[in-house]
Amino acid sequence: MKKLLFILAFILPTLVFGYIYTGTTGDCKWEFDTSIGLLKIFGNGAMCNYNPWSHPWAKYKRYGILVKRLVIKEGVTHIGNHAFENLRDLKSVKIPNSVSSIGEQAFSECTSLTTLTIPSNVSQIGYYAFDCGSGLTSVYYNRIVPGKLLLQYDGKYGASQKQSNPFGYYGAPDCILYVPDGARENFINEGWGEYFPK
């Protein structure tokens with residue numbers, strides 16, 4: 001009964017009229033406008049790293065309040081682990097040049113994303129960071145030398161680690177990687193070759 005009253009008192013008006021929720025994530029702040037499904041991250045410094053499905057905006061999804069657009073403002077330097085995981089209705093992402101690292105599985109299961117631009121300052125990418133599924137078809141990485149792919153810990157083999165695949169265990173079979181002129185060979189040497197047009 002209490003849950004029903006909560007939905008009627010808080011969630012239903014949010015769905016009908018919209019509401020702006022706010023909070024903090026590490027050195028940054030966030031603002032979620034439910035009327036248009038827009039999530040903004042802003043401030044100076046790094047976002048928090050999260051455990052799977054534990055980011056602050058996960059709770060709204062349970063009530064049908066969906067994040068559809070993400071804008072990360074200039075000044076943010078790190079996108080946290082699992083930061084936007086499982087936002088399946090997220091269709092648009094804007095990442096600024098101030099971001100230098102993207103955490104593991106940051107955009108995992110964002111299955112509505114079809115295009116992604118990685119700024120030139122991103123020098124570290126966590127494993128499965130862009131495990132968005134087969135819908136991801138275009139990735140633009142504006143860098144001459146690819147960022148370091150952070151290793152994935154593999155508990156099945158004790159303390160061993162294995163090379164990261166930024167696009168997940170099965171990769172992104174229909175994804176094409178676009179890089180600046182003269183950068184292709186550098187990316188191929190670092191294991192990105194399968195994502196170039198054949």
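Residues numbered from 1 in each chain as written. Predicted model: local features only at pLDDT ≥ 70, side-chain atom pairs only at ≥ 80, totals over all residues. Heavy atoms only, no water.

Examining the overall build of the protein chain
Turning to step 1, where the next piece is worked out: Each helix and strand counted, the protein chain has three helices and 15 strands in total.
Turning to step 2, where the next piece is worked out: Going through the 198 residues of the protein chain one by one, you find that 44% of them count as buried.
Turning to step 3, where the next piece is worked out: Taking the intrachain contacts of the protein chain between residues at least 6 apart in sequence as the baseline, contacts between residues at least 24 apart amount to 46%.
Turning to step 4, where the next piece is worked out: Working note: accessible area of the protein chain is about 10400 Å², and carbon and sulfur atoms make up 53% of it. (Helix = DSSP H or I, 4+ residues; strand = E, 2+ residues; numbered from the N terminus. Buried < 20%, exposed > 50% of the residue type's maximum accessible area, 1.4 Å probe, protein only. Contact = heavy atoms within 4.5 Å. Areas by Shrake-Rupley, 256 points an atom, 1.4 Å probe, with all protein chains shown as cover.)

Observations regarding the side chain of Ser-108
Turning to step 1, where the next piece is worked out: Position of Ser-108 relative to the elements: it lies in the loop between strand 8 (101-102) and strand 9 (115-118).
Turning to step 2, where the next piece is worked out: A relative accessible area of 1% means that Ser-108 is categorised as buried.

A closer look at the environment of Leu-87
Turning to step 1, where the next piece is worked out: With respect to the helices, strands and loops of the structure, Leu-87 is situated in the loop between strand 6 (76-79) and strand 7 (92-94).
Turning to step 2, where the next piece is worked out: Taking relative accessible area as the criterion, Leu-87 reaches 5% and is therefore assigned buried.
Turning to step 3, where the next piece is worked out: Beyond its immediate chain neighbours, meaning those up to four positions away, Leu-87 contacts His-55, Trp-57, Val-67, Glu-109 and Cys-110.

Some details on the confidence of the model for the protein chain
Turning to step 1, where the next piece is worked out: On average, residues of the protein chain carry a pLDDT of 84, and 82% of them reach 70 or more.
Turning to step 2, where the next piece is worked out: Below a pLDDT of 50 lies the segment residues 154-162, which in the model reaches eleven contacts outside its immediate sequence neighbourhood of four places, other chains included. (pLDDT = per-residue confidence, 0-100.)

Some remarks on the pattern of salt bridges
Turning to step 1, where the next piece is worked out: Tallying each qualifying case throughout the model produces one salt bridge.
Turning to step 2, where the next piece is worked out: Across the salt bridge formed by Arg-88 and Glu-109, the nearest N and O atoms sit 2.8 Å from each other. With Arg-88 in the loop between strand 6 and strand 7 and Glu-109 in the loop between strand 8 and strand 9, this residue pair connects regions lying 21 residues apart in the sequence. (Salt bridge = Lys/Arg side-chain N within 4 Å of Asp/Glu carboxyl O.)

Let's talk about the sheet that holds strand 9
Turning to step 1, where the next piece is worked out: Judged by pairing direction, the sheet is parallel, and its three strands sit side by side in the order 9-11-15 without closing on themselves. The strands lining the two open edges of the sheet, one partner per strand, are strand 9 and strand 15 (176-178). For this sheet the average axis-to-axis angle between neighbouring strands, irrespective of direction, equals 15 degrees.
Turning to step 2, where the next piece is worked out: Sheet analysis places strand 11 (residues 138-141) next to strand 15, joined by three bridges and oriented parallel. (Pairing = 2+ DSSP bridges. Axes fitted to C-alpha atoms, helices over the stretch in contact; angles between N-to-C directions.)

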